[in-house]
Amino acid sequence: MSKKKLGLNTICAHVGEIKDEQFKGAVSPIYLSSSYEFLDVDVKRYPRYFNTPNQEFLSKKIAALEHTDSAMIFGSGMAAISHLFLAFLKAGDHIVVQNTLYGGTSNFIREEFPKLNIEFTFTNGYDVKDFEAAIQPNTKLIHIETPSNPLLTITDIKAVAELAKSKQIVSSIDNTFASSVNQTPADFGIDIIMHSATKYFGGHSDICAGALAASSEHIERIWNVSKNLGGSLSDLTVWMLERSMKTLGLRVKTQTKGAKKMAKWLENHDAIKKVYYPGLKSHPQYALAKSQMKGFGAMLSFELKDAIDSVQFQKALKLIKPSMSLAGVESTMLNPAQTSHALLTQEQRDTLGISDGLIRFSVGIEEIKDLKADINQAIKVITNL
Ligand SMILES: *Cc1c(COP(=O)(O)O)cnc(C)c1O
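Computed from a prediction, not measured in an experiment: that's the story for all the values here.

1. Section: the site of the ligand
Part 1 of the reasoning: What surrounds the ligand is a group of 13 residues, the closest being Gly77, Met78, Asp174, Thr198 and Lys199.
Part 2 of the reasoning: Contact between the ligand and Gly77: an oxygen atom at 2.9 Å from a main-chain N or O atom of the residue.
Part 3 of the reasoning: The separation between an oxygen atom of the ligand and a polar side-chain atom of Thr198 is 2.6 Å.
Part 4 of the reasoning: Against a free-state accessible area of 380 Å², the protein chains account for coverage of 91% of the ligand.
Part 5 of the reasoning: At the level of elements, α3 (77-88) and β6 (192-196) are the ones that each hand at least two residues to the shell around the ligand.
Part 6 of the reasoning: Within the shell around the ligand, the residues separate by chemical class into 5 nonpolar, 5 polar and 3 charged.

Have a look at this one:
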């Protein structure tokens, strides 16, 4: 399955280009046609069949990045995940997932699966034994997310993939947080890799898209459901995504390097209580992270000392934006307690370890000295209030 022939940035820049045969332009043309010839053609093309030229070719780039045979692009990360679940689960089946799952995925399972008679178990999943204990005779899918949001907990990808294989269960992963630059789960035996392309693939906070990468066999199974559900992405946006992904390697490597520096600096900062980043030796799963990640990613979380109000702190920032999403070239921060995890009770948040003072930090491409200066000036402003 492994397709490691080209290096990362070469894949980003070139794989999945559409040759402009007519005018010899340097970049892929955009094919906006929603209607294609049906006589004497090998492939009947239609946007909702996920096979317009731009969709088909960009999928090759994503497959190459994830070391899989095939890939598909969707209208959002949630479209990708819902199509994946509905392709592998039917009434009477069971799925094992983690408590730390992305909020939207968790809501989808809790709100939609009971209507479809699909059973589910949420487990902590800190240890592969947690998954093993949750497996039932009707379990058809194990879906993981690592590093987790927002505390950057690490799940053992290889152990989960092997457990799933030993029981003939399909395994899938939400690889959004690490991105293909820092983690390629197919190398550890995971069957299906999902991305919210709204995040690092897009990288400029101006695209909403999703992707799945897997073997051709699994992609065909997903496609058979997807053509009925219809969550395809417009070719204009597909083209924008292709352009964005040319710099995926450059962006994410820079952001990852920056995050590591910021994590180390924050860990020694007087105003900070705790830092969560898998690349810190103080992270309890540092060794596991190192064994399965090429880089530790550009997401981290930290807790301010109790005397410092986290909302006032974010209001005092001048460069870093308090913002809901993540993974853009611009640095952003948010309070999970007031955003992604606001619908949980205080008790549920306490169980997950999400305090009111916790801040999630998506590190952008800015110069580190400017990010440090912004954080310092914001702390100074509010501690002098
Ligand atoms: C944003 C996100 C999603 C959902 O993606 P959308 O593009 O918003 O639909 C899924 N998983 C993770 C980890 C995310 O960050």
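2. Things to note about the sheet that holds strand β4 (residues 139-145)
Part 1 of the reasoning: Here we have 7 strands laid out as an open sheet, ordered β1-β7-β6-β5-β4-β2-β3, and mixed in their pairing. Whereas interior strands pair on both sides, the edge strands pair on one side only; in this sheet they are β1 (70-74) and β3 (119-123). In this sheet, adjacent strand axes meet at a mean angle of 20 degrees when their direction is disregarded.
Part 2 of the reasoning: Note: β6 against strand β7 (residues 210-214), 4 bridges, orientation antiparallel. Counterpart to Ile193 in the pairing with β7 is Ala213.

3. Considerations on the environment of Lys290
Part 1 of the reasoning: One can find Lys290 in helix α11 (residues 286-292).
Part 2 of the reasoning: Between the alpha carbons of Lys290 and Gly25 there is a distance of 42 Å; along the sequence they are 265 residues apart.

4. Focus on unusual backbone geometry
Excluding glycine, residues mostly have negative phi values, and the peptide bonds linking residues are mostly trans.
Part 1 of the reasoning: Here the amide bond leading from Thr146 into Pro147 is cis, since omega sits at -5 degrees, within 30 degrees of zero.
Part 2 of the reasoning: Mapped onto the fold, Pro147 is located in the loop between β4 and α6 (157-166).
Part 3 of the reasoning: Look at the link from Asn149 to Pro150: it is a cis peptide, with omega at 0 degrees.
Part 4 of the reasoning: Tracing the backbone through its elements, the reader meets Pro150 in the loop between β4 and α6.
Part 5 of the reasoning: In the Ramachandran plot, His67 falls in the positive-phi region, its phi being about 55 degrees despite a non-glycine side chain.
Part 6 of the reasoning: Within the element layout of this structure, His67 appears in the loop between α2 (53-65) and β1.
Part 7 of the reasoning: By relative accessible area, which is 10% here, His67 ends up buried.

5. Topic: the layout of surface pockets
Part 1 of the reasoning: Space inside the largest pocket adds up to approximately 690 Å³.
Part 2 of the reasoning: In terms of lining, the largest pocket is formed by 25 residues, of which the most central are Leu101, Gly103, Ser340, His341 and Leu344.
Part 3 of the reasoning: With 5 residues, the top contributor of residues to the lining of the largest pocket is helix α4 (residues 103-116).
Part 4 of the reasoning: Within the lining of the largest pocket, the residues separate by chemical class into 9 nonpolar, 13 polar and 3 charged.
Part 5 of the reasoning: One number sums up the size of the second largest pocket: a volume of about 460 Å³.
Part 6 of the reasoning: Where the lining of the second largest pocket is concerned, the elements lending two or more residues are α2, β1 and α8 (216-229).
Part 7 of the reasoning: The element contributing the most residues to the lining of the second largest pocket is α2, with 6 residues.
Part 8 of the reasoning: Its residues assigned to classes, the lining of the second largest pocket shows 10 nonpolar, 6 polar and 5 charged.

6. Observations regarding the sheet that holds strand β11 (residues 332-334)
Part 1 of the reasoning: Taking strand neighbours across the sheet as the criterion, the 5 strands line up as β8-β9-β12-β11-β10 in an open arrangement whose pairing is mixed. Because the sheet does not close on itself, it has two edges, and the strands there are β8 (272-276) and β10 (321-322).
Part 2 of the reasoning: Sheet analysis places strand β9 (residues 299-304) next to strand β12 (residues 358-362), joined by 5 bridges and oriented antiparallel. Each bridged residue has a counterpart across the sheet, and for Leu300 the counterpart in β12 is Phe361.
Part 3 of the reasoning: The strands that helix α10 (residues 248-267) touches are β8, β9 and β12; relative to β9, the one it contacts most, it runs at about 15 degrees.

7. Focus: α6
Part 1 of the reasoning: Here α6 has its buried residues at Ile157, Ala159, Val160, Ala161, Leu163 and Ala164.
Part 2 of the reasoning: The secondary structure elements touched by the buried residues of α6 are α5 (128-134), β4, β5 (170-174) and α11.
Part 3 of the reasoning: Structurally, the start of α6 carries an N-cap: the backbone nitrogen of Lys158 is 3.3 Å from a side-chain oxygen of Asp156.
Part 4 of the reasoning: One or two positions beyond α6, positive phi appears at Gln168, with a value near 55 degrees.

8. Side note on empty space enclosed by the protein
Gaps left between atoms show up when a probe the size of a water molecule is rolled over them.
Part 1 of the reasoning: Throughout the structure, instances matching the rule amount to 1 cavity of 30 Å³ or more.
Part 2 of the reasoning: Space inside the largest cavity adds up to approximately 40 Å³.
Part 3 of the reasoning: If you go around the largest cavity, the residues you meet are Gly16, Ile18, Ser28, Asn54, Phe57, Leu58, Val238, Trp239 and Glu242.
Part 4 of the reasoning: Of all elements in the fold, only α2 and α9 (235-245) reach the threshold of two or more residues within the lining of the largest cavity.

So, how was this worked out
- Throughout this document, residue positions are counted from 1 along each chain, in the order its sequence is written.
- Restriction of local features to residues with pLDDT of at least 70 applies here, the model being predicted, together with a cutoff of 80 or more for giving and counting side-chain atom pairs; totals for whole chains, interfaces and linings are based on all residues.
- Hydrogens and waters are ignored; side-chain quantities use all the structure's heavy atoms.
- One heavy atom suffices: a residue is near a molecule or strand as soon as one of its heavy atoms comes within 4 Å of it.
- For the purposes of these results, a polar contact is taken to be a pair of N or O atoms within 3.5 Å, where, inside protein, one atom must be able to donate a hydrogen and its partner to accept one; residues adjacent in sequence count only when each atom of the pair is a side-chain atom.
- The accessible surface values rely on the Shrake-Rupley method and a 1.4 Å probe; as for residues, cover is taken only from the protein chains in view.
- Put simply, DSSP marks the helices as runs of H or I at least four residues long and the strands as runs of E at least two long, and each gets a number from the N terminus on.
- The classification used treats Ala, Val, Leu, Ile, Met, Phe, Trp, Tyr, Cys and Pro as nonpolar, Asp, Glu, Lys and Arg as charged, and all other residues, Gly among them, as polar.
- At least two DSSP bridges between two strands are required for those strands to pair.
- Fitted lines through C-alpha atoms serve as axes, helices being fitted only where they are in contact, and the angles separating the N-to-C directions of these axes extend from 0 to 180 degrees.
- Relative accessible area decides the class of each residue, using a 1.4 Å probe on protein chains only: under 20% of the type maximum gives buried, over 50% gives exposed, and in between gives partly exposed.
- Here a cavity denotes grid points, spaced 1 Å and computed from the protein atoms alone, that fit a 1.4 Å probe unable to get out, and a pocket denotes an open set having protein on both sides within 12 Å along at least 5 of 7 lines; residues with an atom within 4 Å of a point are the lining.
- Grid points are joined across faces, edges and corners, and a volume is the space filled by probe spheres set on the points.
- The contact rule is simple, with two residues in contact once any of their heavy atoms fall within 4.5 Å.

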